[in-house]
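Letter by letter, the chains look like this.
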Amino acid sequence: MPDIAVDYELLNQVAKKARSLKDQVQHARESKQDYSVAEVGSGVPYAIRAYYSVWKGSFKRSEEKLEKLANLYEGVARGWADWDFGLAGEASKQEASLSSDLYRTQKEIWDKWQEQVRAGNVDPDDPRAPKPPQGERPSKWTTSDGRGNSTTTTYEYGADGKPTKITTEVRTSSGLTSKDVTNYHPDGTYDSSATDVYGNVTTTTGKAVTTETDGQKITDDSFKSVTKAPGDGGESTTTGTSHSVYNTGTGHRDTTTTYTRTGPDDDGNQETVKGTSTTSVDLNGHEVVTTIEVKEDGSGTKTVVTDGRTEEWTSRNAAGNTGWKRSDD
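Residues numbered from 1 in each chain as written. Predicted model: local features only at pLDDT ≥ 70, side-chain atom pairs only at ≥ 80, totals over all residues. Heavy atoms only, no water.

Student: Just to check I follow, could you spell out the overall build of the protein for this structure?
Tutor: A count of helical and extended segments in the protein gives three helices and 14 strands. Within the protein, buried positions represent 31% of all 329 residues. Approximately 20,100 Å² of the protein is accessible, and the part contributed by carbon and sulfur atoms is 50%. (Helix = DSSP H or I, 4+ residues; strand = E, 2+ residues; numbered from the N terminus. Buried < 20%, exposed > 50% of the residue type's maximum accessible area, 1.4 Å probe, protein only. Areas by Shrake-Rupley, 256 points an atom, 1.4 Å probe, with all protein chains shown as cover.)

Below, the structure is given as structure tokens:
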């Protein structure tokens, strides 16, 4: 199956233009229609009234069609943007996390070496001596395509060098945006707020406990998220845990997350979905994310994202992890 390329920025621009044209038509339909002879001349007032009398129905129908067209283009644009923003945001956070962790690890190794140098236990000119980290501690990572579309992740650090606040924002030239902010506290708890391209707002609270061994950093996390859709779109709740192992030497990270989500489905009916997601990412940015979601009847979906490329399967026995069929079959 060939790849599909969708310019959601163009679609969003078209949606905006369609809605702007609709507003112009509405303005014309609702504008002044009764003029005096003194204002426009003899015979003209009747012609203007006759014109609006004949065409006001067509104007109204045009407004409705332009609104539907704008909604269609905007819906498609936001759908593709939401998918793309998810990948871009996660990629940016992964880059930031790896870069920040590596800097911290290199600094710890360098500081310990300097302690040994000062104690006279090692030769300061040893060619095998570790190298100091380059530059200042990284705090901002931005990827831009040069056309006004960008993804930015920023870190704020505490006195111990650990991040206290992480912000990731995706912004396009046509105004599509997503943003999430996470605050980390000394006791291991955290809270976050994320807004996606649809205006859904997800607030999360949780607690992460990290232990470090030789060459590994292991983090266990428990969390609860509440997502509220704009207007009367409903509310869903997700609770879960994750287990992450980060190799400080190679930069490789493996994470497994299990969760339960309760909320409305696409038809507005309440449902409970159980999910498992595994993520593997290395220092070069190669990433594989596999997510399996199981409904109450045992059916479900499996999604595999490999370096941004997505494949999807469905099964009537997702709970048993068997019977998978590609979604495009």
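Student: Before we go on, may I ask you to explain the pairing of strand S7 (residues 216-228) in this structure?
Tutor: Within a regular beta strand, the side chains point alternately toward one face of the sheet and then the other, so they alternate between its two faces. Relative to S7, strand S6 (residues 201-213) runs antiparallel, the two being bridged by 13 bridges. Bridge pairing in S7 links Val201 to Lys228. Between the antiparallel neighbours S6 and S7 lie two residues, among them Gly215 with a positive phi of about 80 degrees. For S7 and strand S8 (residues 235-247), the ladder comprises 13 bridges, and the chain directions are antiparallel. Counted as the bridge partner of Lys224 is Thr239 from S8. Hairpin connection of S7 to S8: six residues between the antiparallel strands, including Gly231 at a positive phi of 70 degrees. (Pairing = 2+ DSSP bridges.)

Student: It is not clear to me how a nonpolar patch on the surface should be interpreted in this structure. Could you clarify?
Tutor: Residues Leu69, Leu72 and Val76 make up a contiguous nonpolar surface patch of roughly 230 Å² in combined accessible area. On the secondary structure map, Leu69 appears in helix H3 (residues 44-118). Of the residues examined, Leu69 reaches a relative accessible area of 33% and is grouped as partly exposed. (Patch = residues over 30% accessible without salt bridge, like charges linked within 9 Å, V, L, I, M, F, W, Y side chains within 5 Å. Salt bridge = Lys/Arg side-chain N within 4 Å of Asp/Glu carboxyl O.)

Student: Before we go on, may I ask you to explain the environment of Thr250 in this structure?
Tutor: Here Thr250 is to be found in the loop between S8 and strand S9 (253-264). Taking C-alpha positions, Thr250 is 6.7 Å from Leu283, a pair spaced 33 residues apart along the chain.

Student: Got a minute to help me understand unusual backbone geometry in this structure?
Tutor: When glycine is set aside, most residues are seen to have a negative phi, and most peptide bonds are trans. Even without glycine at this site, Asn321 takes up a positive phi of about 55 degrees. Relative to the helices and strands, Asn321 is located in the loop between strand S13 (309-315) and strand S14 (325-326).

Student: Is there a simple way to think about the nonpolar core in this case?
Tutor: Inside soluble globular proteins, nonpolar side chains tend to come together where they are buried. Core analysis: the biggest nonpolar cluster contains six residues, these being Ile292, Val294, Val304, Trp313, Ala318 and Trp324. Ignoring anything within four residues of it in the chain, the contact list for Trp313 reads Gly300, Thr301, Lys302, Val304, Trp324, Lys325, Arg326 and Ser327. Counting five residues, the second largest nonpolar core, distinct from the first, contains Ala81, Val170, Leu176 and Val197. (Core = buried A, V, L, I, M, F, W, Y, C linked by side-chain atoms within 4.5 Å. Contact = heavy atoms within 4.5 Å.)

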